[in-house]
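Structural overview
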Amino acid sequence: MIRILCLLLLGCLPAMAQKPQRFHKVLPPGNYSGITALGDNRYAVVSDKSEEDGFFVVRLTIDSVKGRITSIENEGFRSSGLPNRDMEGICYRPSTNTVFISGEKDNEVYEYTLDGQRTGRRLEMPALFKQADRNSGLESLTYDVQRHLFFTTSERPLKGDSLLRIQTFTDDLRPQCFYYYRPDVPISRKYSQGVSELCALDDGRLLVLERQIRVPKLKIGASTVIRIYEVIPSDEPLLEKKLLMEFRTRVNLTSRRFANYEGLCQPAPNLLLLIADSQNRYKNVLRDWFLLRQIE
């Protein structure tokens, strides 16, 4: 026992996995698909089936030592007054104090002020991405503060491709270059596979959230496989990925922790924050889960 405690203190053993948390008395049921840190403990969250185009703002107090959210406050929905366009990814750019949101319905990325209004600017999306299928289009979005670059990709390879294209955009919102990324092969034909999020870390790494989902007709036995990979963008066209973490969720007669994690951000240097799409808390079985995971 003494040896194990010493190894934990020295960082030689992995940190214990944290349990997911839900805050159903504070947050309304949603289809939460993206989250980004705004600073001062505030976060912008998108729900892909919200009534209008826009985002929620929530305030989270996080105990980074224990890896737990200790309190949450819902500051409300910031609407653009425009129709929902299946908002999936969201990122914050500090230099303009604005957020950018990707939509899978139109495969566009628009800029918004923090009160929810569109600025009239958007990323100059290459035509190939704009033609992506609405069910496998722009699912992810992140902004790298160090490189001054946006990163986005489609949920699945574009028509005619076998690899994903991770597209970058400069601060003038113009496309710069793209990287090829090889997604995982589904573990079986019963699982649906896709990339649901990207997350640029402060140290230059780019994280890729891949998730596989299996939902039987009777729903009991539904499961997910969540894998987060790290890549380092360089001069090489094909990104080499390294598995950072993997975990699984499920729903059965005794467990209700099934979670389709779609959103990912970095609230602190050693932490990742994930948020799940519960399909509006489907049949009061699914949950709007938040999950903190420690990283090195």
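Above this note sits the structure.
Let me begin by describing the structure that accompanies this report.

Rules used throughout
- Residues numbered from 1 in each chain as written.
- Predicted model: local features only at pLDDT ≥ 70, side-chain atom pairs only at ≥ 80, totals over all residues.
- Heavy atoms only, no water.
- Core = buried A, V, L, I, M, F, W, Y, C linked by side-chain atoms within 4.5 Å.
- Buried < 20%, exposed > 50% of the residue type's maximum accessible area, 1.4 Å probe, protein only.
- Helix = DSSP H or I, 4+ residues; strand = E, 2+ residues; numbered from the N terminus.
- Contact = heavy atoms within 4.5 Å.
- Polar contact = N/O pair within 3.5 Å; in protein donor to acceptor, adjacent residues only side chain to side chain.
- Pairing = 2+ DSSP bridges.
- Axes fitted to C-alpha atoms, helices over the stretch in contact; angles between N-to-C directions.

Here we come to the nonpolar core. Formed by 18 residues in total, the largest nonpolar core has its most connected members in Ile35, Tyr43, Val45, Leu60, Ile69, Leu273 and Phe290. If you list the elements that add at least two residues to this core, you get β1 (32-39), β2 (42-47), β3 (52-63), β4 (68-83), β17 (260-268), β18 (271-277) and β19 (290-294). Once residues within four sequence positions are removed from consideration, Leu60 is found in contact with Asn41, Tyr43, Ile69, Ser71, Ile72, Leu273 and Phe290. Core analysis: the second largest hydrophobic core is formed by 17 residues, Leu207, Ile226, Tyr261 and Ile295 among them.

Now for the side chain of Arg227. Within the secondary structure, Arg227 is located in strand β15 (residues 223-231). A distance of 3.1 Å separates a polar atom in the side chain of Arg227 from a polar atom in the side chain of Asp184. In this structure, Arg227 is in contact with Asp184, Ile187, Val208, Leu209, Glu210, Gln212, Leu243, Met245, Glu246 and Arg248, ignoring residues within four places of it in sequence.

Strand order in this open sheet of 4 strands is β5-β6-β7-β8, and the pairing throughout is antiparallel. Lying at the two open borders of the sheet, with one neighbouring strand each, are β5 (87-93) and β8 (118-122). With direction set aside, neighbouring strand axes in the sheet form an average angle of 30°.

This part takes up the sheet that holds strand β16 (residues 242-250). Strand order across the open sheet formed by 4 strands is β13-β14-β15-β16, with antiparallel pairing between neighbours. Edge positions in the sheet fall to β13 (192-200) and β16, since each of these pairs with one other strand and no more. Between one strand axis and the next, the sheet turns through 20° on average, direction left out of account. Pairing between strand β14 (residues 206-214) and β15: 9 bridges, direction antiparallel. Within the sheet, the bridge partner assigned to Leu207 lies in β15 and is Glu230.

This part covers the environment of Thr96. Examined against the element boundaries, Thr96 turns out to sit in the loop between β5 and β6 (98-103). Judged by its relative accessible area of 32%, Thr96 falls in the partly exposed class. When the C-alpha positions of Thr96 and Arg257 are compared, they lie 38 Å apart, and in sequence the two are 161 residues distant. Only 2.6 Å separates the side chain of Thr96 from the side chain of Thr98, close enough to count as a polar contact.

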